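Structural characterization, general
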Amino acid sequence: MTFDPASQGIDAEAAHQRTADAIADNEVVLFMKGTARMPQCGYSKRAIGLISQYRGDVATVDTLKNLDAFREALEAESGWETIPQTFVDGEFVGGSDILAELEERGELAETLNADTDAVGSDSTDGAGPEAPF
């Protein structure tokens, strides 16, 4: 039996709808390659690691099942087609490089609307909910 990764995907219209829903329904959402527990690229791993320092409740969307459709949908939302992408309160923040810059400037917690009193007190493993998409 031959595995056809394209057969596991969704069409462009479904990717656009899932992208819009995830952005609207979650305070913080990360579109990434893989999952929070098993990122499938270094940039996604870096992004979830940075976010997880401040938010245990980040929703994630695994874009690998149809990368091209999600790239198109994300470009329509943010103007960027690269993945990972982070949105907070419906606004595009950026990818792992932007998150790292915000961290270096001491602005990431505020950008993520983090409760800094609760940071470190939660015993999360960085694997928040996966958006049901």
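Above this text is the structure in question.
These numbers come from a predicted model, not from an experiment.

In this section: the environment of D25. With respect to the helices and strands, D25 occurs in helix α1 (residues 12-25). Considering only alpha carbons, one finds D25 and A59, 34 residues apart in sequence, at a separation of 9.5 Å.

Moving on: the nonpolar core. Nonpolar side chains in soluble globular proteins tend to end up buried together. Judged by nonpolar contacts, the single largest core of 16 residues is most densely connected at L30, I51 and L99. Looking at this core, the elements with two or more residues in it are β1 (28-32), α2 (42-52) and α4 (96-104). For this core, the element with the highest residue contribution is α2, accounting for 4 residues. Dropping the residues within four chain positions of it, L30 is found in contact with A47, I48, I51, V58, A59, T60, V61, P84, Q85 and T86. Formed by 14 residues, the second largest nonpolar core is a distinct cluster that contains A22, F31, A59 and V61.

With the rule as written, the count across this model stands at 3 salt bridges. Where D57 meets R55, a salt bridge forms, and the shortest distance between an N and an O atom there is 2.8 Å. For D57, a relative accessible area of 42% puts it in the partly exposed group. Between R105 and E107 there is a salt bridge whose closest N-O contact spans 3.1 Å. Of the residues examined, E107 reaches a relative accessible area of 32% and is grouped as partly exposed. Each of E27, R55 and D57 takes part in one network of salt bridges that share partners.

Reading the values: rules and limits
Residues numbered from 1 in each chain as written. Predicted model: local features only at pLDDT ≥ 70, side-chain atom pairs only at ≥ 80, totals over all residues. Heavy atoms only, no water. Helix = DSSP H or I, 4+ residues; strand = E, 2+ residues; numbered from the N terminus. Core = buried A, V, L, I, M, F, W, Y, C linked by side-chain atoms within 4.5 Å. Buried < 20%, exposed > 50% of the residue type's maximum accessible area, 1.4 Å probe, protein only. Contact = heavy atoms within 4.5 Å. Salt bridge = Lys/Arg side-chain N within 4 Å of Asp/Glu carboxyl O.

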